[in-house]
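# Understanding the architecture of this molecule
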Amino acid sequence: MADIVYSIENELDTDEFIAILSTSTLAERRPVQDRNAISNMLTHANLIVTARTIEGQLVGVARSFTDFSFCTYLSDLAVDGRYQKLGIGKELIRITKINAMPTTLILLAAPKAVDYYPKIGMQHHGHCYVISPGENI
């Protein structure tokens with residue numbers, strides 16, 4: 001497999017992001033049909049780490065929100081299915097953590113990735129709560 005180059009790309013292209021969501025299975029849970037929503041997701045994130053081949057093909061992305069002091073929410077971890085199981089996801093998380101120091105890194109696991117995170121050393125935390133769009137408090 002090709003060498004991978006990791007970078008901070010806070011100005012990631014919307015179409016590239018939609019493509020990596022689609023090749024990683026995250027498109028199942030993201031509004032990829034709504035280009036404006038995806039564009040807003042990128043605009044308002046403040047730490048985006050990418051993984052690209054030497055040729056420049058995007059093969060992975062970690063999109064986060066951080067205050068760079070206390071917490072970082074890693075909202076999207078997407079690796080092209082053809083490049084999974086090569087350590088790219090783990091490296092994207094590692095680089096995110098380094099660039100967001102000294103924060104605690106938080107994420108909600110996609111159903112297909114629940115078993116992945118403990119394998120790379122992340123701890124399960126059972127105190128998460130959500131309110132979905134359209135629900136009231």
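Scope of this entry: the structure provided in the associated data block. Bear in mind the structure is a predicted one, so any value in this text is a computation, not a measurement.

Time to look at the sheet that holds strand E1 (residues 4-8). Sheet strands pair via backbone hydrogen bonds, and the direction of the pair is either parallel or antiparallel. The strand order across the open sheet formed by 5 strands is E1-E2-E3-E4-E5, and the pairing between neighbours is mixed. In the strand order of this sheet, the two ends are held by E1 and strand E5 (104-106), each with one partner. Adjacent strand axes in the sheet meet at a mean angle of 25°, parallel and antiparallel pairs treated alike. Note: strand E2 (residues 47-53) against strand E3 (residues 58-66), 6 bridges, orientation antiparallel. What sits directly across from Ala51, in E3, is Gly60. Sheet strands in contact with helix H3 (residues 88-99) are E1, E2, E3, strand E4 (71-79) and E5, and its direction is about 155° off that of E4.

A separate point is the nonpolar core. Counting 33 residues, the largest nonpolar core has Leu12, Phe17, Val61, Leu74, Leu77, Ile88 and Leu92 as its most contacted members. If you list the elements that add at least two residues to this core, you get helix H1 (14-24), helix H2 (35-44), E2, E3, E4 and H3. Non-local contacts of Ile88, meaning those with residues more than four positions away in its chain, are made with Ile4, Tyr6, Ala51, Val59, Val79 and Tyr83.

An α-helix turns once per 3.6 residues; consequently, residues spaced three or four apart project the same way. Those residues of H1 lying buried are Thr14, Phe17, Ile18, Ile20, Leu21 and Ser24. Buried residues of H1, seen end-on, are gathered within an arc of 165° and therefore sit on one face of the element. Looking at the buried side of H1, the elements it contacts are H2, E3 and E4. By the N-cap criterion, in which a side-chain oxygen at the helix start approaches the backbone nitrogen of a residue two or three places on, H1 is capped by Asp13, the distance to Asp15 being 3.0 Å. Within two residues after H1, Thr25 carries a phi angle of roughly 85°, on the positive side.

Scoring rules and cut-offs
Residues numbered from 1 in each chain as written. Predicted model: local features only at pLDDT ≥ 70, side-chain atom pairs only at ≥ 80, totals over all residues. Heavy atoms only, no water. Pairing = 2+ DSSP bridges. Helix = DSSP H or I, 4+ residues; strand = E, 2+ residues; numbered from the N terminus. Axes fitted to C-alpha atoms, helices over the stretch in contact; angles between N-to-C directions. Contact = heavy atoms within 4.5 Å. Core = buried A, V, L, I, M, F, W, Y, C linked by side-chain atoms within 4.5 Å. Buried < 20%, exposed > 50% of the residue type's maximum accessible area, 1.4 Å probe, protein only. Arc of directions from axis to C-beta. Polar contact = N/O pair within 3.5 Å; in protein donor to acceptor, adjacent residues only side chain to side chain.

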